[in-house]
Amino acid sequence: MKMSAQLSASATAARAHQEMFAYWASLRRGAGLPARIDLQPSNMKRLLPTVSLIDVVKEPRDYRLRLAGTGLYGVYGREITGKALGEVYNAAAADYWRRELDKVVDERRPGVGVHSLAWRGAPHMSILWLRLPLASNGKDVDMILGYDAVVGSQAESNSGIRAA
């Protein structure tokens, strides 16, 4: 993939992140966080293939993928719905995600970043990720809305996944 195509994919991913963030922010109730029940899949239809819902497990704290969009199958090479982080990732990648998700839970704020898929044997690909806190009571984060855009030299051609 040429540099201009990579930049275009990254720009497309950034726009999709903005769209998902704006949707999540529109669901807030003042200072309160939106809840899972507030989400309407029809309002984020274009983004659904790489959306995930992550349960926050309380004691000991961990995370379980309640739902993973169909587009994520190609990223992970298998179905990840229902799996805990340690069942999806190697130890280093699982630790990375625990740290990032802990920040979202503890700070009650969105998280964003880039994660290489080198752990999956695809160092030429990365996910631009967005994690948005959800709280049934508006305050205590009990679920996280995830959105991933895959970018890289093979992301668009081989996996069937494109930056949304």
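Here the structure is a predicted model, which means the values were calculated and not measured.

Participant: I tried to follow helix 4 (residues 91-107) on my own but got confused; where do I start?
Facilitator: At 3.6 residues per turn, the α-helix brings residues three or four places apart onto the same side. Here helix 4 is 17 residues long and its end C-alpha atoms lie 24 Å apart, about the 24 Å a rise of 1.5 Å per residue gives. Turning to helix 4, its buried residues number three or more, namely Ala 93, Ala 94, Tyr 96, Trp 97, Glu 100, Leu 101, Val 104 and Val 105. One side of helix 4 holds all its buried residues, which, seen down the axis, span an arc of 165 degrees. Pointing more than 90 degrees away from the buried face of helix 4 are the exposed residues Ala 91, Ala 92, Arg 99 and Asp 106. Trailing helix 4 by a residue or two, Arg 108 shows a phi angle of about 55 degrees, which is positive.

Participant: Just to check I follow, could you spell out the sheet that holds strand 1 (residues 51-57) for this structure?
Facilitator: Read across the sheet, five strands follow the order 2-1-5-4-3 without closing on themselves; strand pairing throughout is antiparallel. This sheet does not close on itself; its edge strands, each paired only once, are strand 2 (62-68) and strand 3 (111-117). Averaged over neighbouring strand pairs, the angle between their axes works out to 30 degrees when direction is ignored. As judged from the 10 bridges shared by strand 4 (residues 122-134) and strand 5 (residues 143-152), these two strands associate in the antiparallel manner. Paired with Ser 126 across the two strands is Val 151, which belongs to strand 5. Running over the sheet, helix 4 touches strand 1, strand 2, strand 3, strand 4 and strand 5 and is turned about 25 degrees from strand 4.

Participant: Would you mind going over the pattern of salt bridges with me for this structure?
Facilitator: Oppositely charged side chains can pair when the atoms bearing their charge come close. Using the criterion set out here, one finds 11 salt bridges in the structure. One salt bridge in this structure joins Arg 61 and Asp 102, with 3.2 Å as the shortest N-O distance. Note that Arg 61 is positioned in the loop between strand 1 and strand 2 and Asp 102 in helix 4, a separation of 41 residues in sequence. With relative accessibility at 25%, the residue Asp 102 sits in the partly exposed group. Taking the shortest distance from any N to any O, the salt bridge between Glu 87 and Arg 64 comes out at 3.5 Å. Placement of the pair is Glu 87 in helix 3 (residues 85-88) and Arg 64 in strand 2, with a sequence separation of 23 residues. The exposure class of Glu 87 is partly exposed, given its relative accessible area of 43%. Salt bridges sharing common partners tie together Arg 61, Asp 102 and Asp 106.

Criteria and cut-off values
- Residues numbered from 1 in each chain as written.
- Predicted model: local features only at pLDDT ≥ 70, side-chain atom pairs only at ≥ 80, totals over all residues.
- Heavy atoms only, no water.
- Helix = DSSP H or I, 4+ residues; strand = E, 2+ residues; numbered from the N terminus.
- Expected span 1.5 Å × (residues − 1).
- Buried < 20%, exposed > 50% of the residue type's maximum accessible area, 1.4 Å probe, protein only.
- Arc of directions from axis to C-beta.
- Pairing = 2+ DSSP bridges.
- Axes fitted to C-alpha atoms, helices over the stretch in contact; angles between N-to-C directions.
- Contact = heavy atoms within 4.5 Å.
- Salt bridge = Lys/Arg side-chain N within 4 Å of Asp/Glu carboxyl O.

Note that every value here comes from positions in space, so none of it alone points to a role or purpose.
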